[in-house]
Amino acid sequence: LGFPSNYSSTMSFKLKLQVGNLPSNKMALTNKVYVSTSIMAQMDDLLQQKGVASIGTKTTCHLILVNGHPYAVEGHDQIPDDSIALNGLHRRFAKLSIGQAVTITGIDPPALPLATLTLTVDTLAKKAVDPKRQLEVDTARLAQTVLLVLENQVLEKGQSIALDFEGTKFEIAAFRMQ
C-alpha cells in the first residue's frame, strides 16, 4: 500500500518506546518492526475491542505509526517490553538511532490501497564488481517476490525495504506514488 502523508486515522492508543535493534538479521528482510509479545498482545486486545482485525495471515500483525511513519508491527519474544526493534533501513528513513525514544500510534488499515507505487531496485551490499560480469535478474519473479513481501504492508515515498531474492540482497525503495 502506498501511504500518503495526509492519511488520517481514528485510532487512539499511543505508546512511548525506545528504538532497539533486531535480534536476527533475517528479520531485517521484511518491512515489519517488532515489539515484545506482551506489548503486541495488549495492542491486539485494544485494537480488537475497536473492531480492527490483524492484517497478518500467519501471525498477529497491525499497522502503526512510529514517529509518524507507517509500519506493520509484530510481536517477538526477544524484544524487551520497553523497546521497538527496527532495521537499519527503517532507522535511516525515520532518522532514528538506537536508544532514542519514539511514539507508537495505532492506525486503522485502509480498506483499499491508497496509491500505486513505482519502486527502484538496487543491490544492498555494494561489492567490487567485475565489469565483464553483470547481475542477471528475472524481473517477473522479482516483481512476484516483492508483491508477496509487501502484502498487507505500507510504504511511504522514499522508504526502503531489504529483500533477499535468490541469494542476492536488494534494497527496494518507494520512488513515486500515484
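As a reminder, the structure under discussion sits directly above these lines.
**Q** Can you tell me about the overall build of the chain, naming the residues and giving the values?
**A** A count of helical and extended segments in the chain gives three helices and nine strands. Walking the chain from its N terminus toward its C terminus, one meets helices and strands in the order β-β-α-β-β-β-α-β-β-α-β-β. Split by element, the accessible area of the chain, about 10000 Å² in all, is 51% carbon and sulfur.

**Q** Which residues make up helix 1 (residues 37-49), and what values go with them?
**A** Between its terminal C-alpha atoms helix 1 stretches 18 Å, which fits the 18 Å expected from 13 residues at 1.5 Å a residue. Where helix 1 is concerned, the buried positions are Ile39, Met40, Met43, Asp44 and Leu47. Down the axis of helix 1, the smallest arc covering the buried residues is 135°, so these residues share one side. Opposite the buried face of helix 1, by more than 90 degrees, sit the exposed residues Gln42 and Gln49. Buried positions along helix 1 lie against strand 1 (14-20), strand 2 (32-36), strand 3 (61-66) and strand 4 (69-76). One or two positions beyond helix 1, positive phi appears at Gly51, with a value near 85°.

**Q** I'd like to hear about the pattern of salt bridges, residue by residue, with values.
**A** Scanning all chains against the criterion turns up five salt bridges. The salt bridge partner of Asp138 is Arg141, with a shortest N-O separation of 3.0 Å. For the salt bridge of Asp164 with Lys169, the shortest nitrogen-to-oxygen distance reads 3.1 Å. A relative accessible area of 32% means that Asp164 is categorised as partly exposed.

**Q** Mind laying out the packing of aromatic side chains, listing which residues take part and the relevant values?
**A** Taken as a whole, this structure holds one aromatic pair when the rule is applied. Both rings, one in Phe165 and one in Phe170, keep their centres 6.4 Å apart while their planes meet at 50°; by these two values the pair is tilted.

**Q** How would you explain the nonpolar core if you had to name every residue and give the values?
**A** One finds Val35, Ile64, Val66 and Ile84 to be the most contacted residues of the largest nonpolar core, which totals 21 residues. Mapped onto this core, the elements with two or more residues apiece are strand 1, strand 2, helix 1, strand 3, strand 4, helix 2 (88-94) and strand 6 (101-106). The element contributing the most residues to this core is helix 1, with four residues. Setting aside chain neighbours within four positions, we find Val66 in contact with Tyr71, Ile84, Leu86, Leu96, Val102, Thr103 and Ile104. With ten residues, the next largest nonpolar core counts Leu142, Leu150, Phe170 and Ile172 among its residues.

**Q** How would you summarise the sheet that holds strand 6 if you had to cite specific residues and measurements?
**A** Ordered by their spatial adjacency, six strands build a closed barrel running 1-5-2-4-3-6, and the pairing between neighbours is mixed. If you compare each strand with its neighbour and ignore which way they point, the axes differ by 45° on average. On the sheet, helix 1 packs against strand 1, strand 2, strand 3 and strand 4 and is oriented at approximately 105° with respect to strand 2.

**Q** Describe the pairing of strand 6, with residues and values.
**A** Bridge analysis of strand 1 against strand 6 gives five bridges, and the strand direction is antiparallel. Bridge assignment links Gln18 to a residue of strand 6, and that residue is Ala101. Strand direction decides the pairing type here: strand 3 and strand 6, joined by three bridges, are antiparallel. Along strand 6, the bridge assignment pairs Ile64 with Gly106.

About the thresholds
Position numbers for residues start from 1 in each chain and track the written sequence from start to end. Where totals are concerned, whole chains, interfaces and linings use all residues; where local detail is concerned, this predicted model gives features only for residues with pLDDT of at least 70, and gives and counts side-chain atom pairs only at 80 or more. Neither water nor hydrogens contribute to the side-chain values; these are computed over all heavy atoms in the structure. Only DSSP runs of H or I with at least four residues qualify as helices, and only runs of E with at least two residues qualify as strands; both kinds are numbered from the N terminus onward. The Shrake-Rupley method, run with a 1.4 Å probe, gives the accessible areas here. Residue values count only the displayed protein chains as cover. What a helix is expected to span follows from its residue count: subtract one and scale by 1.5 Å. Burial status follows relative accessibility: with a 1.4 Å probe on protein chains alone, a residue under 20% of its type maximum counts as buried, one over 50% as exposed, and anything between as partly exposed. Arc definition: it is the arc formed by the directions from the helix axis to the C-beta atoms. Here, residues are in contact when the closest pair of their heavy atoms is within 4.5 Å. When a carboxyl oxygen of Asp or Glu lies within 4 Å of a side-chain nitrogen of Lys or Arg, that pair is called a salt bridge. Under the pairing criterion, centres of Phe, Tyr and Trp rings, with the six-membered ring standing for Trp, must be within 6.5 Å; the plane angle then separates stacked pairs below 30 degrees from edge-to-face pairs above 60, leaving the rest tilted. Buried Ala, Val, Leu, Ile, Met, Phe, Trp, Tyr and Cys residues form a nonpolar core when they are joined through side-chain atoms within 4.5 Å. Only strands that DSSP links by at least two bridges are regarded as paired with each other. To get an axis, a line is fitted to the C-alpha atoms, and for a helix only the part in contact is used. The angle between two axes follows their N-to-C directions and goes from 0 to 180 degrees.

Keep in mind that these numbers describe shape and distance, not what the molecule does.
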